[in-house]
Amino acid sequence: AAGVIQSPRHLIKEKRETATLKCYPIPRHDTVYWYQQGPGQDPQFLISFYEKMQSDKGSIPDRFSAQQFSDYHSELNMSSLELGDSALYFCASSLAPPTGNWAQYFGPGTRLLVL
Amino acid sequence: AQKVTQAQTEISVVEKEDVTLDCVYETRDTTYYLFWYKQPPSGELVFLIRRNSFDEQNEISGRYSWNFQKSTSSFNFTITASQVVDSAVYFCALSAIKTNSGYALNFGKGTSLLVTP
């Protein structure tokens, strides 16, 4: 079965640079979530989109923005990168009822290192 | 506000021992979901279980079992006859139940389990 695809899997950037992370949800899934997991930390919810509209917002810095496109893939744009942005970024997708049950399936993550 | 507490930061057991990972939660929501995820050293998050707040029935899946007690706001996870491959960080998570927009997961800090031969 197809899973959530994230690209790139690894990314190295310099401070103050920008980065774009991509997420391709499981086919037919209509909701995408972004989480950030710092070293030795638990995942923190950043933002989610349902049917291409922002549905919930967590602890996402103002330097970050995200959107969900017409094909349901999502991109997380990160600007003015800081050392503290170094983390594992997870994308998850789910399918709304009645077809689905909101169960979230996680991608393998993108490991971002800011130097 | 929601909060998940996993008081055990690290646990070390010898293979074949049983081990219980504790999870205590706080929420003002009357309905909610509880989850357990496994994160092996490779880094991916592996879904283990989701439980509705109105379903307190305990569940067993192979060597895994979960004990949900609403009265004590706990959702503990037991691995029976642990194996080396069980070594991972285990996260307990909580979410509200929303009708039309999915739900954000609130994770605990995780418990690192090391199973040695």
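Up top you'll find the structure we're talking about.
Residues numbered from 1 in each chain as written. Chains lettered and ligands numbered in written order. Predicted model: local features only at pLDDT ≥ 70, side-chain atom pairs only at ≥ 80, totals over all residues. Heavy atoms only, no water.

Caption draft 1: Molecular detail of the overall build of chain A. Within chain A, the regular secondary structure consists of zero helices and 11 strands. Going residue by residue from the N terminus, the α and β elements of chain A occur as β-β-β-β-β-β-β-β-β-β-β. Relative to a compact globule of 115 residues, whose C-alpha radius of gyration would be 13 Å, chain A shows 14 Å and is just as compact. Over its C-alpha atoms, taken along the principal directions, chain A stretches across nearly 45 × 25 × 25 Å. In chain A, buried positions account for 50% of the 115 residues. When the accessible area of chain A is evaluated, it comes to approximately 5,500 Å², of which 51% is carbon and sulfur surface. (Helix = DSSP H or I, 4+ residues; strand = E, 2+ residues; numbered from the N terminus. Rg over C-alpha atoms; globule rule 2.2 N^0.38 Å. Buried < 20%, exposed > 50% of the residue type's maximum accessible area, 1.4 Å probe, protein only. Areas by Shrake-Rupley, 256 points an atom, 1.4 Å probe, with all protein chains shown as cover.)

Caption draft 2: Region of the structure containing the overall build of chain B. Counting secondary structure elements, chain B contains zero helices and 12 strands. Reading the secondary structure of chain B in the N-to-C direction produces β-β-β-β-β-β-β-β-β-β-β-β. Relative to the globule expectation of 13 Å for 117 residues, the C-alpha radius of gyration of chain B, 14 Å, shows essentially globular dimensions. Its C-alpha atoms put chain B at 45 × 30 × 25 Å along the principal axes. Scored against the burial criterion, the 117 residues of chain B give a buried share of 47%. Across chain B, the fraction of contacts at a sequence separation of at least 24, relative to all contacts at a separation of at least 6, is 57%. Of the roughly 5,700 Å² that chain B leaves accessible, carbon and sulfur atoms contribute 50%. Charge centroids of chain B, computed over 10 positive and 12 negative side chains, lie 7 Å from each other. (Contact = heavy atoms within 4.5 Å. Lys, Arg positive; Asp, Glu negative; His and termini not counted. Charge placed at Lys NZ, Arg CZ, Asp CG, Glu CD.)

Caption draft 3: Expanded view of the pattern of salt bridges. Residue and element names in this part refer to chain B. Counting across every chain of the model gives seven salt bridges over all chains. For Asp 55, the salt bridge identified is with Arg 51, shortest N-O distance 3.1 Å. Arg 51 gets classed as buried once you look at its relative accessible area, which sits at 7%. Linking Asp 86 and Arg 63 is a salt bridge whose minimum nitrogen-to-oxygen distance equals 2.8 Å. Note that Asp 86 is positioned in the loop between strand S9 (74-79) and strand S10 (88-96) and Arg 63 in the loop between strand S7 (59-61) and strand S8 (64-69), a separation of 23 residues in sequence. Residue classification places Asp 86 among the buried positions, given a relative accessible area of 1%. (Salt bridge = Lys/Arg side-chain N within 4 Å of Asp/Glu carboxyl O.)

Caption draft 4: Spatial organisation of the pairing of strand S5 (residues 44-50) of chain A. Residue and element names in this part refer to chain A. Among the seven residues of S5, five are classified as buried, and the element is accordingly described as predominantly covered. By the bridge criterion, six bridges tie strand S4 (residues 31-37) to S5 in an arrangement that is antiparallel. Following the sheet pairing, Gln 36 is matched in S5 by Gln 44. The antiparallel hairpin formed by S4 and S5 contains six residues in its connecting segment, where Gly 40 sits at a positive phi of about 70°. (Pairing = 2+ DSSP bridges.)

Caption draft 5: Just the interface of chain A and chain B, in detail. Listed by partner, the interface residues are 17 residues for chain A and 19 residues for chain B. Contact between chain A and chain B buries roughly 1,600 Å² in total, counting both sides, with carbon and sulfur atoms accounting for 52%. The largest contributions to the chain A side of the interface with chain B come from A:Asp42, A:Trp102 and A:Phe106, which together make up 33% of the buried area. Applying the counting criterion to the chain A and chain B interface returns one salt bridge. Between B:Lys109 and A:Asp42 there is a salt bridge whose closest N-O contact spans 3.2 Å. The tally of links between chain A and chain B comes to four residue pairs in polar contact (both at pLDDT 80 or more). (Buried area = accessible area lost by both parts, 1.4 Å probe. Polar contact = N/O pair within 3.5 Å; in protein donor to acceptor, adjacent residues only side chain to side chain.)

Everything listed here is a matter of geometry and, on its own, says nothing about what the molecule does.
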